[in-house]
Amino acid sequence: MSSPRKKTSAKRTPQLRHRTGNVAPDVMEPHISHHKSAVASSLDGIIISPRVPSTVRPAREPLDMVEGDERLRAEEGPDDDDELLTMKPKTISARDKRAMTLLIILYLIQGVPLGLALGSIPFILRDHLSYSQLGVFALSSYPYSLKLLWSPLVDSTFFSSVGRRKSWIIPMQLIIGSMMLYIAANVNRLFEHPAENVHELTFVFTSLVFFSATQGWALTLLSKENLSFASTCQTIGLNTGFFASFTVFLALNSETFSQKWGIPRLTLSGYLQSCSVLCFVVTIWLIFEKEGQESMDQSEMTVTSVYKTIWDICKLKHVRSLIIMHCFAKVGFQANEAVTSLKMIEKGLGREDLAIVVLIDFPFQIVGGWLAAKWSSGNRPLRPWIWAFWPRLAFALLSTLIVYWFPTPPLSYSFLVFLVVHTVLQGLASTIQFVGISAFHTRISDPLIGGTYMTLLNTFTNLGGTWPKYFVLKEVRTPSRRASETLTKCSAAECVSELGKEQCSNIGGECVTEQDGYYYVSVICVAFGVFFLIGYVIPTARRLQALPIRRWRVGSE
């Protein structure tokens, strides 16, 4: 592999045109909704930005040579009036329309592993695994939170004869399609006794998510005039793939749903086979699709310099405070987001009912994202982000009470309506937070290294919603005590899954829950969230929001 680089004149200010995961500065697309409702897993905690090629900016004078208002204006960017005067109607050529269709399909395929790993599979495994074993499987979502570690290498190493983006996307597509076929061929073996295969399942789906995160999707397919549509393609494709693999698949996979509507039941094997065929067909299409030309005569950062830039950003005092805030701000919601939906399934909520609730919630979040973008505009984008903490913590506590007083099936229509309203309102609070923090990241990122800056901040935002899940699922089972009354005594481990309860019942035993660790862990998480919000998040967020933009620049300290 090679990465051709041309020499540039020493007099010209170098442009830092590197490629890291999530490099687009337009991640605050208002209609993107990454939320987690009370009864569903979703994309909250995973902020994925469309990676599109940087446009060439003319060299400019260093800001320390500019004085007064001109310097502030250079730091803050053009005024809205200036942007309006320079805006021109965008025309979409036939080639760009075809490229947008391809991008949507590529993002759709990227969303399939996420929908399976974060949504469908945990619900399928719930009847056979304990919460601690589900915590092990939850590790499969980690690659999206850690992709910053290897994305500079992916973006700087390629075959010039194939293309910067196609050098990675084509082999990743083939690997993803092949892995889907492997899982489809081994569904019966892997899922017949999942407790014995939990580590293999975790490895397979972690690998699937890893390759999906690695491929980058930073195709230079669109013309420069229509690059802004890349985020729109991402929103449509990624969310469609995620919800198709989660809500739609759960409903079609349900025997009750298929019998009720008289349609064939969709198996996991059949679904994966269909997705793999789509993967291979799109790969063939991609081979013959011409990749756009990137400006290679600009000075580009090497892998080493990208990592050095990341370290320089982390050394900024204000960035360190922001990182600490991101790493712990979501702990208060983790018991609710990781366990509540599984507990409702355990209490008798049907998987098809769960799918319908989340499906109804989805369009509300699109509207909520648009409204949240308006609230987050201006110089205080963190204000709605701070406000939304209180309803999210309140809904987390309310979800715990709903599980505690969950009605005995069959569930009434009024309760399902209440569940939908609860899910929609909680999702709106999550969406407001997502848009607010994205707006703040966009505002403070250095435009010269915006891609790296945004990727770093998004990585810690994602990590803050990912790392606690493993420990929460582990701890949910730790303080629990389950007794089994039988002449042939069952072990406590047999009473933590539906299969274990059935086996205990078959030998004349009865599993009785004396203490359920979910309630303890949920209260601890909410209490920590409240104290951390009051003691650190609110004062820190207000202080960081009040800082002038120049304080966020590398070398400002």
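We now turn to the structure provided with this report. (Residues numbered from 1 in each chain as written. Predicted model: local features only at pLDDT ≥ 70, side-chain atom pairs only at ≥ 80, totals over all residues. Heavy atoms only, no water.)

### Here's the deal with the side chain of T340
Thinking step 1. Inspection of the secondary structure puts T340 in helix 15 (residues 334–347).
Thinking step 2. Side chain to side chain, T340 and Y518 meet in a polar contact 2.8 Å long. (Helix = DSSP H or I, 4+ residues; strand = E, 2+ residues; numbered from the N terminus. Polar contact = N/O pair within 3.5 Å; in protein donor to acceptor, adjacent residues only side chain to side chain.)

### Considering the pattern of salt bridges
Thinking step 1. Taken as a whole and judged by the stated rule, the model has six salt bridges.
Thinking step 2. Where E346 meets R126, a salt bridge forms, and the shortest distance between an N and an O atom there is 2.4 Å. One end of the pair, E346, is in helix 15; the other, R126, is in the loop between helix 3 (94–125) and helix 4 (131–137), and 220 residues separate them in sequence.
Thinking step 3. Judged by relative accessible area, which is 24%, E346 ranks as partly exposed.
Thinking step 4. Between E200 and R189 there is a salt bridge, and its shortest N-O distance comes to 2.8 Å. On the criterion of sequence distance, the pair formed by E200 in helix 9 (residues 198–214) and R189 in helix 8 (residues 187–192) is long-range, its members being 11 residues apart.
Thinking step 5. Judged by relative accessible area, which is 38%, R189 ranks as partly exposed.
Thinking step 6. Among the charged side chains, a network of salt bridges with common partners joins R126, K343 and E346. (Salt bridge = Lys/Arg side-chain N within 4 Å of Asp/Glu carboxyl O. Buried < 20%, exposed > 50% of the residue type's maximum accessible area, 1.4 Å probe, protein only.)

### Let's talk about the environment of E346
Thinking step 1. Along the chain, E346 and V403 lie 57 residues apart, while their C-alpha atoms are 9.6 Å from each other.
Thinking step 2. One polar contact links E346 to R126, side chain to side chain, over a distance of 2.4 Å.

### So, the packing of aromatic side chains
Thinking step 1. Counted under the stated rule, the structure contains 22 aromatic pairs.
Thinking step 2. Geometrically, the ring pair formed by F440 and W552 is edge-to-face, given 5.8 Å between the ring centres and 85 degrees between the ring planes. Placement of the pair is F440 in helix 19 (residues 413–444) and W552 in the segment after helix 23 (517–546), with a sequence separation of 112 residues. Comparing F440 with W552 shows no difference in burial state: the two are buried.
Thinking step 3. The positively charged end of R126 is found above the aromatic ring belonging to Y131, 4.4 Å away from the centroid.
Thinking step 4. For R392, the ring lying beneath its charged end belongs to F333, and the centroid distance is 3.9 Å. (Phe/Tyr/Trp six-rings, centres within 6.5 Å; stacked < 30°, edge-to-face > 60°. Lys NZ or Arg CZ within 6 Å of the ring centre and 35° of its normal.)

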